[in-house]
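Below are the chains, spelled out letter by letter.
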Amino acid sequence: MSKFIVVAIGGNSLVKDNGRDSIEDQSEAVREIAVNIADLVQAGNDVVVTHGNGPQVGFELRRSEVASEVTGMDVTPLVNCVAGTQGGIGYLIQQALTNEFIHRRLDKKVATVITQVEVSKNDPNFQSPSKPVGSFFTLEQAEEMKRAKPDWVIIEDSGRGYRRVVPSPKPIDIVEKDVIKSLIETGYVVIAVGGGGIPVIKTENNTYEGIDAVIDKDFATSLLAEQIDAESLIITTGVPQVCVNFGTPEQKALEEVTAAEMLVYAEQGHFPAGSMQPKIEASLGFLKKEGRRVIITNPENMKAAMSQQAGTHIVN
Ligand SMILES: Nc1ncnc2c1ncn2[C@@H]1O[C@H](COP(=O)(O)OP(=O)(O)O)[C@@H](O)[C@H]1O
Ligand SMILES: NC(=O)OP(=O)(O)O
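Owing to the predicted nature of the structure, the values given are computational and were not obtained by experimental measurement. (Residues numbered from 1 in each chain as written. Chains lettered and ligands numbered in written order. Predicted model: local features only at pLDDT ≥ 70, side-chain atom pairs only at ≥ 80, totals over all residues. Heavy atoms only, no water.)

A. Just helix α5 (residues 177–185), in detail. Residues of α5 that are buried: Ile180, Leu183 and Ile184. Projected down its long axis, α5 carries its buried residues within an arc of 100°, all on one side. Turned more than 90 degrees off the buried face of α5, the exposed positions are Asp178 and Glu185. Its buried side turned inward, α5 meets β2 (47–51), β3 (110–112), β8 (173–174), β9 (189–191) and α6 (217–227). (Buried < 20%, exposed > 50% of the residue type's maximum accessible area, 1.4 Å probe, protein only. Helix = DSSP H or I, 4+ residues; strand = E, 2+ residues; numbered from the N terminus. Arc of directions from axis to C-beta. Contact = heavy atoms within 4.5 Å.)

Structure, rendered in structure tokens:
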């Protein structure tokens, strides 16, 4: 199999106004990202796209909970909210990329694969929710929500406000990996493991069944990149570079660092759980094989980052 670039799009980078969940805003953000991805494809790279859904899956769940309170309809299980957002965001990316290829007269087809990702029902992360979803709250709003919803777990999210968290088990296997590989080998630009994939567990009969959780898309993306033997992983997020001492007067952006150096920064506590830490851990997992490269940057800088002029580059 030839070498591929896997591009992961952060769920937060698709949201402009966190309170609104506007499809118009998401479409615009996706169209901007599609231009950058099309540049990679036009330059001759085989590209696989993955994306997050943290904000969107929380909005979807909340919509369903509020509708249930008003109408008595059943609340949509979290796993189905993941499936819904995977389809909805996949559609936006698929259409934006297809249109970009039409504009450029590039003979490229795009396919989104509904992807199930296996997790263990015994994963300890089911007991300690850590994945931030949905809106950001102020401290006052968070306290009010905790009083109204005693079963919610709410944490502070990287200095950006307070958010509800849900269980986030580690991905073990990508159920549709062979379908994804075949599509890539046939020349498709594939969108897969959206929202970290739909979490499923293996039953005693060796079949699959959904389980309520949101898998971190950075871990699922790293596993996919591993399983298709990708050469590079580009993680796009809300910042142009990874920093040490983030959000303090001593903040310093990282340009090129080795995996060993990044591990030291991680151990020193520079990367918070639920935001930058999973990206770094997923990157270090992918970099265990020689010759690979991870780039972390924002969508605007993706092209410049490919020629080493932007972003944080992590190498072996
Ligand atoms: N050390 C750090 N360097 C850069 N950004 C950081 C750091 N620590 C936390 N962040 C924050 O984490 C965010 C990325 O996490 P998040 O928004 O949850 O990811 P995603 O883009 O996948 O949705 C960045 O946009 C930034 O605000
Ligand atoms: N599922 C997931 O990790 O989404 P975000 O990238 O939006 O946090």
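Picking up after the structure, the text goes on.
B. Summary view of helix α8 (residues 276–286). With 8 of 11 residues buried, α8 is to be regarded as a mostly interior element. Buried within α8 are the following residues: Met276, Pro278, Lys279, Ile280, Ala282, Ser283, Leu284 and Phe286. Those residues of α8 hidden inside the fold are in contact with α6, β12 (232–236), α7 (259–267), β16 (293–297) and β17 (312–315).

C. Highlighting the packing of helix α1 (residues 23–42) against helix α3 (residues 78–103). For the pair α1 and α3, interaxial distance at closest approach is 8 Å and the crossing angle is 50°. With respect to α3, the axis of α1 lies oblique. Crossing of α1 over α3 shows right-handed handedness. Counting all contacts with α1, which are made through Gln26, Ser27, Val30, Arg31, Ala34, Val35, Ile37, Ala38 and Val41, the residues of α3 involved are Ile89, Leu92, Ile93, Ala96, Leu97, Glu100 and Phe101. Taken together, the residues of the contact of α1 with α3 break down into 12 nonpolar, 2 polar and 2 charged. (Axes fitted to C-alpha atoms, helices over the stretch in contact; angles between N-to-C directions. Parallel < 35°, antiparallel > 145°, perpendicular 65-115°, else oblique. Left-handed = near helix turned anticlockwise from the far one by under 90°. Nonpolar A, V, L, I, M, F, W, Y, C, P; charged D, E, K, R; others polar.)

D. Structural detail: the packing of aromatic side chains. Within the structure shown, the criterion is met by 1 aromatic pair. Over the aromatic face of Phe136 sits the side chain of Arg163, whose NZ or CZ is 4.4 Å from the ring centroid. Cation over ring: Lys170 sits above Phe219, and NZ or CZ is 4.7 Å from the ring centre. (Phe/Tyr/Trp six-rings, centres within 6.5 Å; stacked < 30°, edge-to-face > 60°. Lys NZ or Arg CZ within 6 Å of the ring centre and 35° of its normal.)

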